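# Overview (structure and organization)
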Amino acid sequence: ATPAATSPTSGKQGAPAAGGAGAAVTGAAGAAEDAQAKVLRVYLVTLDGKWDNHDALGLLDAFETVCGKVPAEAAKDCALTHATWTASDAMIPDDVIVAPGGGKVTVSRLALAHSVRSKATMDGVTGTVRSKRLQHGVMRVVTDWGHKPEVADKILNRMFGATLNVSGVGMTKLTEATTIEDGERFMTFKPRELMLMLEAWSDMPQHMHKVDGLRYVTRRQQGINHPLYGRTTAVSWPTNMDESYQEYMDYSFNDDSYTARHLFIHEKTHFFWGRQWDKKVKHQWEALSKWEREEDTAGGWLTKRATPFVSGYGSRNSPDEDMAESMAAYVLHPNLLQARSQSKYKFFVGTMMQGVRYMEKPDVSFEVKDAKSSYRLPATVRDVSISVVGGPKEDKAVTVKMLLDPGEGWHSPQHVEVSLSGPSSGYHTLKLSPKKGWSPPKGSEGTVLFEAHDTMSRYYENGFWSAKQIKVTDDLSNTRWMMVDQYSWRLYLNNALGTQWAPRYLPQTLALNLTAEADPSTGAVAPVFTATARFQQTGAPLGGSVVGKDAPKTPIWMRLAAHRTESPSSQGLTAAEWASNGAGGSTYPVYGEGECVKDTAWATDGTCTVTFKLAPSHPAGQYYVTMLSLGDVAGNERWQFFTQQPKGVVCCGRVGNQGDDEEPTFVRLAECKGGAKPTVAKPCVMPDTQDPELDVASVTAAVVPAPASAPATAAGKAALLGQAVVKFRARDVGGSGVGTIVYRVMDPQGYSHQGYVQHGNSDTTVFKGDPAAWGEFEAHLDLPEGSPAGEWKVESIQLHDKAGNRRNFQLIELLVFEPL
């Protein structure tokens, strides 16, 4: 390990030199006729219009992969009925369109282009190249985009050896060695989640489709944290039983689809690590990042390497997590791993992937030309100093200074971040910025001083506050992760009032009420849910009631969800309704923050209130609070779950300070019937169940000069080279209107830059204007001087509407190179 700045390669892969499209096809004319006949005989597909040899074989291969090659089994497993497929030159969202009734399917020729293996060479290696794009399209058609979970489960079982169905073993038995829960804590996957799983796992090499021990894939109830690991996204249990399982939470899918696909590959890799790869392979991997056993650290591992990682999560935990993060990057963002670590990339190619490599082919891209383009990583930390001032019963003034050594050619230092943890509870984040007007002393020329002046509450737990990792980032999003163990980190809080006792939720006090109010901008009447709960202060004051820079913005947050039900009243749900995937195929629980007020100035008890303002087009159904979290100024937190778990079932051996689940308080939000409109006196909704639309053919991208209003270069900030502008059209024919828009742009180093599009309806509850009309939108991404030169790719655009529906549009095609 060396603290000096290093220079990774640009991460640009050798492009495959492909042979003709028919290079992998033998007996061209006869093969095409056989393919057309077979796709009709086995898969009940008639090809209409112009289909050449390549396209017919591509579709046949996709059906054989997804549904199997045995006619009777394929027709049954994929629930096939006769359909006519037509190929179109147009760009089509998701590459396929199914007409009402399912009898006609239109597929984009873009999905057919690389559907058949073509001969190719890559960096001197002979092989074939193809895409899984058409295969994904067939998956969408036969599963009706995940709305046929029984078909999705058949595909999952046949291709990957896993199942969604745990009825044979039961959740109680499945979790007896892990969390000790029953099925009421779990639900079925949403349709879009199933598609992301199937697509992500099918993108992995064929020899990694099945792995020992991964039998069951489960989904936790909407809107609740994991009982052991809190706000984590997913958990795998590879070694707990012969046929084990994975579990995924809402947090797996609340972001865009890249996060979910990344997680599915990441979690599957844990099973290879725990069940399949031998010690020799693991030791080779550990050596690449100089991982060492360190029992005094969280997780028991430590590395002094700062740069050869694709994420901070992988670098601060263990070689297992490092491998899982790297595997997901290798498949989805191969340039990223190659840029961060050539040795790891070569290890994957030669040892893990049997020579299989990936390339990204964008639908839309733009070129960045920068004479100052830099592939250097951000500065290293040369020195750390910490000062804590304040008496035992006073808030502490904490000053942390870090001397950073940029090294020759370092561009645009931006910020340093350190996450602190108390001796047994609590958290605090320090964010350091460059000190203005600072001149390096003699002997430290070229260094930059970063500092943070912060206040830490007198209620924080007494003792040493630890930090495992220092994260240094520059304006180009280059990141260096350094283990704190390399430096003398001593931050001690002498707090006589320090506490680790979180505030209490008083049992059976949650109430939920439905009202309505008129939107001030549009006059539309929208539903409003108000949740109240009683609390008891057991240690530090609740968040927000004491001045503190890192105190929670609000002392309480809740999540509001809904389930569809035919019941006309606000009563409990049937077991089937409770296990369903919520109020809609692409909607998720609503997050809300609130405030807590004591009964009197000297009381310990009080009432918390959280208000949820929904759109008039939100789903109808039984609404309820899924969980609440109470926090204090010392960073202590306590949760309460609301599920239909039977009384007497105690999760996880009472891990932490979480109480038993309580029965949800249901409030029915009815659908407006017979042309009725919602009123303040009688709330109802006109549900929008359609996802917003993107005109994929309208997406363009270009680099323009930096706007004149851009701020002048400041200390620690790079001058702007220009600005990338992505333009597109979108609409929402369902009626609620386009709201949040998330985009991703990938640079030549493989780093994914995520951002949000600001527009007139970004932050409104009710859409202003005609939601069904095509709207023009623009995403703006600043390009600092030093930005990687080369092709930047528009990776994805995700649209959310005001009713909570969302849809992700992937604009990069993965090409798979397989050596012969």
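Residues numbered from 1 in each chain as written. Predicted model: local features only at pLDDT ≥ 70, side-chain atom pairs only at ≥ 80, totals over all residues. Heavy atoms only, no water.

## Focus on the overall build of the protein chain
Put simply, the rule reads: Runs of E in the DSSP output that reach at least two residues are strands. Runs of H or I that reach at least four are helices, and both are numbered from the N terminus. To sort residues, take the accessible area from a 1.4 Å probe on protein chains only and compare it with the maximum for the residue type: under 20% means buried, over 50% means exposed, and anything in between is partly exposed. Contacts are residue-level and defined by heavy atoms, with any inter-residue pair within 4.5 Å sufficient. Areas reported here follow the Shrake-Rupley algorithm with a probe of radius 1.4 Å; residue values treat only the protein chains shown as occluding.
Across its full length, the protein chain carries 15 helices and 41 strands. Taking all 820 residues of the protein chain together, 56% fall into the buried category. Expressed as a percentage of contacts within the protein chain between residues at least 6 apart in sequence, the contacts between residues at least 24 apart total 73%. About 33100 Å² of surface is accessible on the protein chain, with carbon and sulfur atoms providing 51% of the total.

## Some remarks on the state of the cysteines
Each disulfide is one covalent bond, formed between the sulfur atoms of two cysteines. To be explicit about the condition: In this description, the term disulfide denotes a pair of cysteine sulfurs within 2.5 Å.
All chains considered together, the criterion is met by three disulfides. Here C67 is linked by a disulfide to C78, with a sulfur-sulfur distance of 2.1 Å. Looking down the S-S bond of the C67 and C78 bridge, the torsion is -105 degrees, so its handedness is left-handed. Taken together, the residues span a long stretch of sequence, with C67 in helix 2 (residues 53–67) and C78 in the loop between helix 3 (71–77) and strand 3 (83–88) at a distance of 11 residues. Per residue, the accessibility class of C67 equals that of C78, and both read buried. With its sulfur 1.9 Å from that of its partner, C596 forms a disulfide with C608. Measuring the twist about the S-S bond at about 105 degrees, one finds the C596-C608 disulfide to be right-handed. Of the two residues, C596 is situated in strand 29 (residues 590–598) and C608 in strand 30 (residues 605–613); the sequence distance between them amounts to 12 residues. By relative accessible area, which is 19% here, C596 ends up buried. C608 gets classed as buried once you look at its relative accessible area, which sits at 1%.

## What to know about helix 6 (residues 149–160)
Rules: Here a helix's expected span is defined as the number of its residues, less one, multiplied by 1.5 Å.
Helix length check: helix 6 (12 residues) gives 15 Å between terminal C-alpha atoms against 16 Å at 1.5 Å per residue, within 8%. All of the buried residues in helix 6 are V151, A152, D153, I155, L156, M159 and F160. Elements that come into contact with the buried residues of helix 6 comprise helix 2, helix 3, helix 5 (133–142), helix 8 (191–203), strand 9 (214–220) and helix 9 (257–276). Just beyond helix 6, the residue with positive phi is G161, at close to 70 degrees.

## Brief notes about the nonpolar core
Let me state the cut-off plainly: Buried residues of nine kinds, namely Ala, Val, Leu, Ile, Met, Phe, Trp, Tyr and Cys, make up a nonpolar core once their side-chain atoms join them within 4.5 Å.
In this structure, Y43, L59, F63, W85, V142, W201 and M353 are the most contacted members of the largest nonpolar core, which totals 84 residues. Residues contacting F63, with those up to four places away along its chain left out, are V39, Y43, V45, G68, L80, W85, V138 and V142. Within the second largest apolar cluster, 29 residues are counted, among which are V384, V398, V416 and L493.

## Quick look at the sheet that holds strand 11 (residues 244–248)
Picture the strands of a sheet paired through backbone hydrogen bonds; they go either parallel or antiparallel. To keep things clear, this is the line we draw: Strands are treated as partners if at least two bridges between them are detected by DSSP. To get an axis, a line is fitted to the C-alpha atoms, and for a helix only the part in contact is used. The angle between two axes follows their N-to-C directions and goes from 0 to 180 degrees.
Taken together, four strands build an open sheet; the order of strands is 8-9-11-10 and the sheet is mixed. At either margin of the open sheet sits one strand with a lone partner, and together these are strand 8 (186–187) and strand 10 (234–237). Bridge count between strand 9 and strand 11: five bridges; the pairing is parallel. In the strand pairing of strand 11, T218 is matched with E247. Each of strand 9 and strand 11 is contacted by helix 8, which is oriented at about 145 degrees to strand 9, the strand it contacts most. Running over the sheet, helix 9 touches strand 9, strand 10 and strand 11 and is turned about 155 degrees from strand 11.

## Some details on the pattern of salt bridges
To be explicit about the condition: Between Lys or Arg on one side and Asp or Glu on the other, a salt bridge is scored when a side-chain nitrogen of the former is within 4 Å of a carboxyl oxygen of the latter.
A full pass over the atoms with the stated rule returns 29 salt bridges. For E64, the salt bridge identified is with K38, shortest N-O distance 3.1 Å. Of this pair, E64 sits in helix 2 while K38 sits in helix 1 (residues 28–43), placing them 26 residues apart in sequence. We classify K38 as partly exposed; its relative accessible area is 27%. Here D123 ties to R357 by a salt bridge, and the two come within 3.0 Å at their closest N and O atoms.

## A closer look at the side chain of E818
Keep this limit in mind: Polar contact is the term for a pair of N or O atoms within 3.5 Å; when the atoms are in protein, one must be able to donate a hydrogen and the other to accept it, and sequence-neighboring residues count only if both atoms are side-chain atoms.
Along the chain, E818 turns up in strand 41 (residues 812–819). By relative accessible area, which is 15% here, E818 ends up buried. In this structure the side chain of E818 is engaged in a polar contact, spanning 3.1 Å, whose partner is the side chain of R117. The contacts of E818, once residues within four sequence positions are left out, are R117, G127, T128, R130 and V356.

## Structural notes on the pairing of strand 2 (residues 45–48)
What you see with strand 2 is a clean split: V45 and L47 sit on the buried side and T46 and D48 on the side with no burial. Where strand 2 lies against strand 3, four bridges are found, and the strand directions are parallel. Among the inter-strand pairings, V45 is bridged to a residue of strand 3, identified as A83.

## Describing helix 14 (residues 342–352)
The α-helix advances 3.6 residues per turn, and as a result positions three or four apart in sequence lie on the same side. Taken as a whole, helix 14 has its buried residues at K344, Y345, F347, F348, V349 and M352. Here the buried face of helix 14 lies against helix 10 (279–288), helix 12 (319–332), helix 13 (334–340) and strand 14 (357–362). Where helix 14 ends, the next residue or the one after it, Q354, has phi of about 55 degrees, a positive value.

## Here's the deal with the sheet that holds strand 34 (residues 693–704)
Read from one edge to the other, the open sheet built from three strands follows the order 34-35-38, with strand pairing classed as antiparallel. What marks the edges here is a single partner per strand, and that holds for strand 34 and strand 38 (775–784). Within the sheet, the average angular offset between the axes of one strand and its neighbour, ignoring direction, is 15 degrees. Sheet topology places strand 35 (residues 720–731) next to strand 38; 10 bridges connect them, and they run antiparallel. From the neighbouring strand, K727 faces strand 38, where its bridge partner is E778.

## Examining the environment of E181
Of note, E181 is situated in the loop between helix 7 (171–174) and strand 8. Judged by its relative accessible area of 1%, E181 is buried. Sequence-wise, E181 and M171 are 10 residues apart; in three dimensions their C-alpha atoms are separated by 6.7 Å.

## Digging into the confidence of the model for the protein chain
What counts is decided by this rule: A residue's pLDDT is the predictor's confidence in that residue, given on a scale from 0 to 100.
For the protein chain, the mean per-residue pLDDT works out to 87, and 89% of the residues sit at or above 70. Taken together, the stretch residues 545–552 has pLDDT below 50 and engages in 19 contacts with residues farther than four places along the chain or on a different chain. Segment residues 712–716 is flagged for pLDDT under 50; beyond a separation of four residues in sequence, or across chains, it makes nine contacts in the model.

## Details of the packing of aromatic side chains
Heads up, the rule is: We call Phe, Tyr and Trp rings a pair once their centres come within 6.5 Å, taking the six-membered ring for Trp, and we label the pair stacked below 30 degrees between planes, edge-to-face above 60, and tilted otherwise. Over a ring means this: the NZ of a Lys or the CZ of an Arg is within 6 Å of the ring centre and within 35 degrees of the ring normal.
Overall, the coordinates contain 26 aromatic pairs when judged by the stated rule. Each ring, one from F464 and one from Y492, has its centre 4.9 Å from the other, and the planes form 65 degrees; the classification is edge-to-face. Taken together, the residues span a long stretch of sequence, with F464 in strand 21 (residues 463–464) and Y492 in strand 24 (residues 492–493) at a distance of 28 residues. Pairwise contacts between aromatic rings join F160, F189, W201, Y248, F253 and F264 into one cluster. The ring of Y251 is capped by R559, whose NZ or CZ atom sits 5.3 Å from the centre of that ring.

## With respect to unusual backbone geometry
A positive phi angle, close to 60 degrees, is found at L44, a residue other than glycine. Since its relative accessible area comes to 28%, L44 is described here as partly exposed. Even without being glycine, W145 reaches a positive phi, approximately 55 degrees. Examined against the element boundaries, W145 turns out to sit in the loop between helix 5 and helix 6. Given the relative accessible area of 22%, W145 is considered partly exposed.

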